[in-house]
Each structure stands twice: as C-alpha cells, then as structure tokens.
Amino acid sequence: SCLVSLVKYHISNNTIKNINFNLFYGLYNLKTLDLRNNSLEIIGDECFKFSEKLENLYLQLNPIRFIGSRSFWTTLIQIKDIFKNQKLEYLSDCAF
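Residues numbered from 1 in each chain as written. Predicted model: local features only at pLDDT ≥ 70, side-chain atom pairs only at ≥ 80, totals over all residues. Heavy atoms only, no water.

J.: Help me understand the side chain of Asp34 in this model?
T.: Along the chain, the position of Asp34 falls in strand 3 (residues 32-34). A relative accessible area of 3% means that Asp34 is categorised as buried. At 2.7 Å, the side chain of Asp34 and the side chain of Arg36 are in polar contact. If sequence neighbours within four positions are ignored, Asp34 has contacts with Tyr9, His10, Ile11, Ser12 and Tyr58. (Helix = DSSP H or I, 4+ residues; strand = E, 2+ residues; numbered from the N terminus. Buried < 20%, exposed > 50% of the residue type's maximum accessible area, 1.4 Å probe, protein only. Polar contact = N/O pair within 3.5 Å; in protein donor to acceptor, adjacent residues only side chain to side chain. Contact = heavy atoms within 4.5 Å.)

Structure below.
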C-alpha cells in the first residue's frame, strides 16, 4: 500500500456507515484515526486487527449500534469518550 507510512487519518464528517477488518489493511503505522460525525452504526469483527499501533480513536457523534467480536483486541487504544451518548444494541462479550 502506498499509505503504509500514514500516521494520522482524519475521515470525520462523512457518511461512513460501517467499518470492517480489512478497511485499514496496510496502514500498519496508523496512530490516530478520526471517524467523528459520520453515520457509523457497525464496527465489525476484528475491525482493528491490522492497526496494532493505533493509540487514538475518535468515534464521537456516531449512531453506533453494533460492536463485533475482538474489535479492539489487538490494539492498546486510548479510548476517548468512544461510547458517550451511544445507544448500543449489541456489544460482543469479546469486543475488548
């Protein structure tokens, strides 16, 4: 991937509805991901599997309903109010 050296990825204020495990494939140096103010409802299984260096994840202002299995297992994310004001319908027992 030509984006292998990407450290910060700001894709806030879009209409992203779901993210899955291969979305960030190849972004091995990603440290900050900003997904604020999208239409994000689903965080799929093993979503951040390839984001082992991810430190900051911003998910505020999204209608998140579903968080899949092992979504956050491979990262040491410094969660910044991720679930503030969220109306989760499903949170896998194995999400973290």
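Next, the rest of the story.
J.: Help me out: how do you make sense of unusual backbone geometry in this one?
T.: Note: most residues except glycine have negative phi, and most peptide bonds are trans. Phi at Asn37 is positive, roughly 55°, even though this residue is not glycine. When you line up the elements, Asn37 lands in the loop between strand 3 and strand 4 (42-43). The exposure class assigned to Asn37 is partly exposed, which follows from its relative accessible area of 35%. The phi dihedral of Glu46 falls on the positive side, at around 50°, and the residue is not glycine. Here Glu46 lies in the loop between strand 4 and strand 5 (56-58). Residue Glu46 is classed as partly exposed on the basis of its relative accessible area of 22%.

J.: What exactly am I supposed to notice about the pattern of salt bridges here?
T.: Opposite charge on two side chains makes pairing possible when the charged atoms of those side chains draw close. Going through the model one piece at a time under the given rule, you end up with 3 salt bridges. Glu41 is paired through a salt bridge with Arg65; the nearest N and O atoms lie 3.4 Å apart. Of the two residues, Glu41 is situated in the loop between strand 3 and strand 4 and Arg65 in the loop between strand 5 and strand 6 (66-67); the sequence distance between them amounts to 24 residues. The class of Glu41 is partly exposed, set by a relative accessible area of 25%. Judged by relative accessible area, which is 30%, Arg65 ranks as partly exposed. For Glu46, the salt bridge identified is with Lys49, shortest N-O distance 3.6 Å. (Salt bridge = Lys/Arg side-chain N within 4 Å of Asp/Glu carboxyl O.)

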